[in-house]
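# Results of the structural survey
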Amino acid sequence: MGRTRLPDKAWNYCTMVDGKSCHVCCIFCGHTMWGGVSRLKEHLAQKRGDVAECKRCPANVTMEMQEHLIQVSLEKENKQKRKREMLEDMRKKKGQCHSSPQPPPPPPPPQGEVVEEMDEKEKALLDEAIKESLQTHKMEEMKERNEEADLARACLESVQLYEQELLMRQNGSSSRYDYDETDFDIDMNF
């Protein structure tokens, strides 16, 4: 079963088209619209945007529909506010339930204490590993810079070749067809 709605005052100002509640006709101006009484209320309230304004609607009906739309908007805002507050309360309660059974992990020991517990051999191995890591990092940075420089050179060369090709085409020739035989080192004697 569908839910029952209270009779809407807006039905007094329209007629259904083809017996469909979603297709209505304004009794003041004869404008037909889809969207039912919700759209009709905007039409009568002269709300701009979704529907044409009714130019023949009496001022008291326009005011009534404007007040109704404001009231509906406020009710929606209040409903959303209550829902948001309820979700925030649920999140707070959930956070309180989960936080008490597990104690926080112990803080890590300060770095100085860890090094003091190591013997000389372990310290030397750690120092060597740090040096190797720093060297690897420097090498990777240099490699990345070289790759970027190679890419920049290749892009520049490509742009230069493109510009040469454009100049040649403007002069009525193209590098595709105008090759000099000396450009190739191919032995044509078979």
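Above this text sits the structure in question.
What comes next is a walk through the structure.

What counts and what doesn't
- Residues numbered from 1 in each chain as written.
- Predicted model: local features only at pLDDT ≥ 70, side-chain atom pairs only at ≥ 80, totals over all residues.
- Heavy atoms only, no water.
- Pairing = 2+ DSSP bridges.
- Helix = DSSP H or I, 4+ residues; strand = E, 2+ residues; numbered from the N terminus.
- Axes fitted to C-alpha atoms, helices over the stretch in contact; angles between N-to-C directions.
- Contact = heavy atoms within 4.5 Å.
- Expected span 1.5 Å × (residues − 1).
- Core = buried A, V, L, I, M, F, W, Y, C linked by side-chain atoms within 4.5 Å.
- Buried < 20%, exposed > 50% of the residue type's maximum accessible area, 1.4 Å probe, protein only.

### Observations regarding the sheet that holds strand E2 (residues 20-26)
Where strands meet in a sheet, backbone hydrogen bonds hold them as pairs that are either parallel or antiparallel. If you trace the 3 strands from one edge of the open sheet to the other, you get E1-E2-E3, paired in antiparallel fashion. Every interior strand has two partners, whereas the edge strands, strand E1 (14-17) and strand E3 (32-34), have only one. Within the sheet, the average angular offset between the axes of one strand and its neighbour, ignoring direction, is 40 degrees. Bridge count for E1 against E2 is 4 bridges, and the pairing is antiparallel. Along E2, the bridge assignment pairs Thr15 with Cys25. Its contacts with the sheet put helix H1 (residues 36-44) on E1, E2 and E3, and the angle it makes with E2 is roughly 20 degrees.

### Let's talk about helix H4 (residues 120-170)
Counted at 1.5 Å a residue, the expected span for H4 with its 51 residues is 75 Å, and the 75 Å between its end C-alpha atoms agrees. A positive phi of about 90 degrees marks Gly172, the residue just after H4.

### Focus on the nonpolar core
In globular proteins that are soluble, nonpolar side chains generally tend to be buried together. If you look at the biggest cluster of nonpolar residues, it comprises 15 residues, and the most contacted ones within it are Cys26, Met33, Leu40, Leu44, Val61 and Met65. Mapped onto this core, the elements with two or more residues apiece are E2, H1 and helix H2 (59-99). For this core, the element with the most residues is H1, which contributes 3 residues. Excluding residues that lie within four positions of it along the chain, Cys26 makes contacts with Tyr13, His31, Met33, Leu40, His43, Leu44 and Cys54.

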